[in-house]
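# Structural description and commentary
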Amino acid sequence: MLRYDGPADAPTDRPIRRLLILVLLMAMRDRADRIGFRYTPDLLSLWYRVDGTWYELVPPPVVIWRDVVAEIRRASRLVSPELGTGWRSAVRRLIARPTGPAAGWLTFRLRGRDRLYVVQLDPGPARGEVLLEVAGSTADDPEGAEAALGELTRRQGGDLCVEFDIPPDTRK
Amino acid sequence: MLVFDSPDQLRTEPEAVRFLHLLLLSCLRDRAERVEFRSVEDGWMLYQRVDGRDWEMVPPPEAVQPVLKQTIREAARLVAPARPDVTVSAGLPDARYEPAEVGWLTYQIRGRLIDLAVRIDPREPWGSITLDLDHPDGLSGLAADTLAEYYELE
């Protein structure tokens, strides 16, 4: 579960957690019903869908992809496919958990109200995607999300950014 | 997990499991992207999505319909969302709680494996069970051969 009760739940010293909280808040504010992280070795893009149209947000640095996947795994309740029997299952065992595909649920609790997302996670290796889809009949609070974003903006002196500590040789 | 080894093995399976095998084989053969059961007032409707279009199929047999959801649950690996503890102190007579679930159904045909993403909306009526196939082309030929072999022996 990811929760937001106040600025302390989106700490600047945990940038991946902060990024996810900000994306979830912005998606709720804008009434987005899907959020997608799409990864290739050259680019990590971030999208969300509002009224059937996909909008691209500012892309996060590609080097944080593995950390984003790990944070979503930690916060979600996920299940992986079974491995099967026979020699092919040996190959699947090599690429299975904790790095294989998974599906499940992510709960985002905004000041006590839960919003549920269905999670589809395919971490790659060459191409990856995380898709979060709002589950039907789940809490929606665009005004609450906007208030939370305003609170975070004020806390950071009018700027709503996330700073990542990226080694110079991996900057893209 | 569903495992298909031979037509003879399929004949020994319970009717609901056999139905599920034959449905998945025919959908794989047709390169379907999605199989969807939609719950309506008097049972289940069945659709397959090919090239973005939904095609209505013959609904599940009457004997299978009451056990359809349970059969899929037993074959799949599913997870329900975390839910706060609640106590229901009043409710409709005969009402029951079923969680929504998502997960995977792994289908093994003669050693080849395909993972179908499963989503269950448990409402009856108006809920649904969807099975999504990411790469429907992969096992099309094998599924066609397997079906032909099964019906030849029939």
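Bear in mind the structure is a predicted one, so any value in this text is a computation, not a measurement.

### Considering helix α4 (residues 140-153) of chain B
Residue and element names in this part refer to chain B. Between its first and last C-alpha atoms α4 spans 20 Å; for 14 residues at 1.5 Å apiece the expected length is 20 Å, and the two agree. For α4, the complete set of buried residues consists of S140, A143, T146, L147 and Y150. Considered in projection along α4, the buried side chains sweep an arc of 130 degrees and stay on one side of the axis. Exposed side chains of α4 directed beyond 90 degrees from the buried face belong to D145, E152 and L153. At its buried positions, α4 is contacted by β1 (2-4), α1 (7-12), α2 (15-29) and β6 (101-109).

### Thoughts on the packing of aromatic side chains
Applying the stated criterion to the full structure yields two aromatic pairs over all chains. A ring pair is formed by Y39 of chain A and W65 of chain A, whose centres lie 5.0 Å apart and whose planes are at 0 degrees; its orientation type is stacked. With Y39 of chain A in strand β2 (residues 34-40) and W65 of chain A in helix α2 (residues 65-75), the pair connects residues that are 26 residues apart, well separated along the chain. R38 of chain B extends its terminal NZ or CZ atom over the ring of Y47 of chain B, reaching a point 3.9 Å from the ring centre. The lysine or arginine in question, R83 of chain B, covers the ring of Y97 of chain B, its NZ or CZ lying 4.0 Å from the ring centre.

### Brief notes about the nonpolar core
Within the largest apolar cluster, 42 residues are counted, with the highest numbers of intra-cluster contacts made by Y4, L25, I35, F37, F108 and Y117 of chain A. The element that contributes the greatest number of residues to this core is helix α1 (residues 15-29) of chain A, accounting for 10 residues. Each residue touching I35 of chain A, except ones within four places of it in the same chain, is listed here: V23, L24, A27, L46, W47, Y48, W54, Y117, V130, L131 and L132 of chain A. In terms of nonpolar packing, the next biggest core, distinct from the first, is built from 38 residues, L2, L10, I72 and Y150 of chain B among them.

### Digging into helix α3 (residues 68-75) of chain B
Taken across its eight residues, α3 of chain B has six buried, putting it largely inside the fold. Along α3 of chain B, the positions that sit buried rather than exposed are L68, K69, T71, I72, R73 and A75 of chain B.

### What about empty space enclosed by the protein?
Residue and element names in this part refer to chain A. For the coordinates displayed, the defined rule picks out one cavity of 30 Å³ or more. The computed volume of the largest cavity comes to approximately 30 Å³. Lining the largest cavity are M28, L110, R113, R115, A139, D140 and D141. Here the residues of the lining of the largest cavity are counted per class, giving three nonpolar, no polar and four charged.

### A closer look at the environment of L68 of chain B
Residue and element names in this part refer to chain B. When you line up the elements, L68 lands in helix α3. When its relative accessible area of 2% is taken as the criterion, L68 is described as buried. Considered as a pair, L68 and S128 are 60 residues apart in the sequence and their alpha carbons are 11 Å apart. Sequence-distant contacts of L68, defined by excluding residues within four places in its chain, comprise F19, F37, W44 and P60.

### Description of the interface of chain B and chain A
Contacts between the two partners involve 22 residues from chain B, matched on the other side by 24 residues from chain A. Around 2000 Å² of area is buried between chain B and chain A when both sides are counted, 57% of it from carbon and sulfur atoms. On the chain B side of the interface with chain A, the three residues burying the most area are R77, W104 and R119 of chain B, jointly 31% of the side's total. In this assembly, chain B and chain A are joined by one salt bridge. A salt bridge links R119 of chain B to E133 of chain A, with the nearest nitrogen and oxygen atoms 3.2 Å apart. Here chain B and chain A share seven residue pairs in polar contact (both at pLDDT 80 or more) between them.

### Section: the confidence of the model for chain B
Per-chain confidence: chain B averages 92 in pLDDT, with 99% of residues scoring 70 or above. For this predicted complex, the interface confidence score (ipTM) comes to 0.89, while the overall pTM stands at 0.91.

### Re the layout of surface pockets
Regions of empty space are outlined by a rolling probe, equal in size to a water molecule, passed over the atoms. Residue and element names in this part refer to chain A. A volume near 320 Å³ is recorded for the second largest pocket. The biggest single contributor to the lining of the second largest pocket is α1, with four residues. Across the lining of the second largest pocket, the residue classes break down as 14 nonpolar, no polar and no charged.

### What to know about the pattern of salt bridges
Where charged atoms from two side chains of opposite charge come close, those side chains can pair. For the structure on display, the rule yields 26 salt bridges over all chains. For R74 of chain A, the salt bridge identified is with E71 of chain A, shortest N-O distance 2.9 Å. With R74 of chain A and E71 of chain A both in helix α2 and three residues apart, the pair spans about one turn of that helix. Of the charged contacts, one joins R96 of chain B and E124 of chain B as a salt bridge, the two residues approaching to 3.6 Å between their closest N and O atoms. Of this pair, R96 of chain B sits in the loop between β5 (77-79) and β6 while E124 of chain B sits in the loop between β7 (112-121) and β8 (128-133), and the two are 28 residues apart along the sequence. Note on R96 of chain B: relative accessible area 58%, which makes it exposed. By relative accessible area, E124 of chain B is classed as partly exposed at 45%.

Cut-offs and rules
Residues numbered from 1 in each chain as written. Chains lettered and ligands numbered in written order. Predicted model: local features only at pLDDT ≥ 70, side-chain atom pairs only at ≥ 80, totals over all residues. Heavy atoms only, no water. Helix = DSSP H or I, 4+ residues; strand = E, 2+ residues; numbered from the N terminus. Expected span 1.5 Å × (residues − 1). Buried < 20%, exposed > 50% of the residue type's maximum accessible area, 1.4 Å probe, protein only. Arc of directions from axis to C-beta. Contact = heavy atoms within 4.5 Å. Phe/Tyr/Trp six-rings, centres within 6.5 Å; stacked < 30°, edge-to-face > 60°. Lys NZ or Arg CZ within 6 Å of the ring centre and 35° of its normal. Core = buried A, V, L, I, M, F, W, Y, C linked by side-chain atoms within 4.5 Å. 1 Å grid on protein atoms, 1.4 Å probe; cavity = no way out; pocket = protein on both sides within 12 Å on 5 of 7 lines; lining within 4 Å. Points joined across faces, edges and corners; volume = space filled by probe spheres on them. Nonpolar A, V, L, I, M, F, W, Y, C, P; charged D, E, K, R; others polar. Buried area = accessible area lost by both parts, 1.4 Å probe. Salt bridge = Lys/Arg side-chain N within 4 Å of Asp/Glu carboxyl O. Polar contact = N/O pair within 3.5 Å; in protein donor to acceptor, adjacent residues only side chain to side chain. pLDDT = per-residue confidence, 0-100.

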